[in-house]
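# Reading the structure
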Amino acid sequence: MMRETIPKKTKDALLDEYDHRCAVCGGDRPHLHHIDEDASHNELSNLLPLCPNCHLRDQHNPTRKIEIPKLQLFRKYKDPAILKPQFHPIYTRQLFLETVVSGEEDVGEIQSRVGELVELVQSLEMGEFYGKRLTEFIGPLNRAFTMSLGSSPDLRFEAQRRTANRDYRQKLIENRESARALLIELLRYQVWANA
Ligand SMILES: [Zn+2]
Ligand SMILES: [Zn+2]
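Residues numbered from 1 in each chain as written. Chains lettered and ligands numbered in written order. Predicted model: local features only at pLDDT ≥ 70, side-chain atom pairs only at ≥ 80, totals over all residues.

## Concerning the pairing of strand β2 (residues 47-50)
Two faces, one strand: in a regular strand the side chains alternate between the faces of the sheet. For the record, the criterion: Counting other C-beta atoms within 10 Å of a residue's C-beta gives its exposure: the residue is buried at 20 or more, exposed at 12 or fewer, and partly exposed in between, where C-beta atoms are placed from the backbone. Here a helix means four or more residues in a row that DSSP labels H or I, a strand means two or more in a row labelled E, and each is numbered from the N terminus. In this description, strands pair whenever DSSP reports at least two bridges between them.
Neither face of β2 is left uncovered, since the one carrying Leu-47 and Pro-49 and the one carrying Leu-48 and Leu-50 both have all their residues buried. Bridge count for strand β1 (residues 31-34) against β2 is 4 bridges, and the pairing is antiparallel. Within β2, the position partnered with His-33 by the bridge is Leu-48.

## What to know about unusual backbone geometry
Of note, Arg-29 is a non-glycine position whose phi angle comes to about 50°, a positive value. Relative to the elements of secondary structure, Arg-29 occurs in the loop between α1 (8-17) and β1.

## Quick word on the packing of helix α6 (residues 127-138) against helix α7 (residues 155-187)
Rules: Simply put, an axis is a line fit to the C-alpha atoms, just over the touching stretch for a helix, and the angle between two N-to-C directions goes from 0 to 180 degrees. Angular relationships are summarised with four words: roughly parallel below 35 degrees, roughly antiparallel beyond 145, roughly perpendicular across 65 to 115, and oblique for the angles in between. Two helices that cross are described as forming a left-handed crossing if the nearer one is turned anticlockwise from the farther one by less than a right angle, and a right-handed crossing if clockwise. Contacts are defined on C-beta atoms placed from the backbone: any two residues whose C-beta positions lie within 7 Å are in contact. Only Asp, Glu, Lys and Arg are considered charged, only Ala, Val, Leu, Ile, Met, Phe, Trp, Tyr, Cys and Pro nonpolar, and every remaining residue, Gly among them, polar.
Where α6 contacts α7, the axes come no closer than 8 Å and their chain directions differ by 165°. When the axis of α6 is compared with that of α7, the two are roughly antiparallel. When the axes of α6 and α7 are compared, the crossing they make is left-handed. For the pair α6 and α7, the contacting residues are Tyr-130, Arg-133, Leu-134, Phe-137 and Ile-138 in the first and Leu-172, Asn-175, Ser-178, Ala-179, Leu-182 and Leu-186 in the second. Of the residues that constitute the contact of α6 with α7, the class distribution is 8 nonpolar, 2 polar and 1 charged.

## Thoughts on the domain arrangement of the protein
Inclusion rule: Residue ranges for the domains trace back to a domain assignment, done automatically or taken from a database.
Structurally, the protein comprises domain 1 (1-66) and domain 2 (79-195). Once you take the C-alpha centre of each, domain 1 and domain 2 turn out to be 33 Å apart.

## Remarks on the nonpolar core
As a rule of thumb, soluble globular proteins bury nonpolar side chains together. Let me state the cut-off plainly: Only buried Ala, Val, Leu, Ile, Met, Phe, Trp, Tyr and Cys residues enter a nonpolar core, and they are joined through C-beta atoms within 7 Å.
In terms of nonpolar packing, the biggest core is built from 29 residues, with Cys-22, Leu-48 and Leu-50 touching the most fellow members. Only β2, α3 (68-77), α5 (108-122), α6 and α7 provide two or more residues apiece to this core. It is α7 that provides the largest number of residues to this core, a total of 6 residues. There are two domains that each give this core at least three residues, and those are domain 1 (1-66) and domain 2 (79-195). Setting aside residues no more than four positions away along its own chain, Leu-48 makes contact with Ala-23, His-33, Ile-35, Leu-71 and Arg-75.

## Notes on the environment of Cys-25
Mapped onto the elements, Cys-25 comes out in the loop between α1 and β1. For the pair Cys-25 and Cys-51, spaced 26 residues apart in the sequence, the C-alpha separation amounts to 7.8 Å.

## Some remarks on the environment of Asp-167
Of note, Asp-167 is situated in helix α7. Sequence separation between Asp-167 and Leu-141 is 26 residues; the distance between their C-alpha atoms is 8.2 Å.

## Let's talk about helix α2 (residues 52-59)
The condition is simple: The arc refers to the directions leading from the helix axis to the C-beta atoms.
Looking only at α2, the buried set comprises Cys-54, His-55 and Gln-59. Along the axis of α2, the buried positions cluster into a sector of 100°, meaning they face one direction only. If you follow the buried residues of α2, they end up packed against β1 and β2.

In structure tokens form, the structure reads like this:
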């Protein structure tokens, strides 16, 4: 396998950051793993120290490995709860946030995904509080439309709706990182996360 060398400075910085231990299990003599599996992508944020077991047995095994976006979350937030199976339902329900693009297209599907995510959050410890905050970040816009009675099709109504779709998509794009940070923050209040 062709492999470009990771600069020593990067390597040292990463090992220092993780105290020369495996990020997953704390084991020693870690290898440096490329999170996105691109061996030439040597940004600090794309590297994770993993012991030989976590690295070769798990992360380079398609049936055992942690999905790349989840590993990226773990690299960024460093919360071990991200790797627990109990986090998986939250993880899968927030993935759609990354796929939201700007535009005027209908947001019905997006709104129902947001609804599912908020509902799940509400069922967790501290759910009422975090559900509210999450809704502030990614909940639907509370906007009243003016209808022109009698005209068909109602062009004014359609225009308002398109604007609202565009604004809502923009809101989601701007706030998705904050929403994600909130979901990670919520983990510290879950009993399983600290077990
Ligand atoms: Zn390990
Ligand atoms: Zn690797």
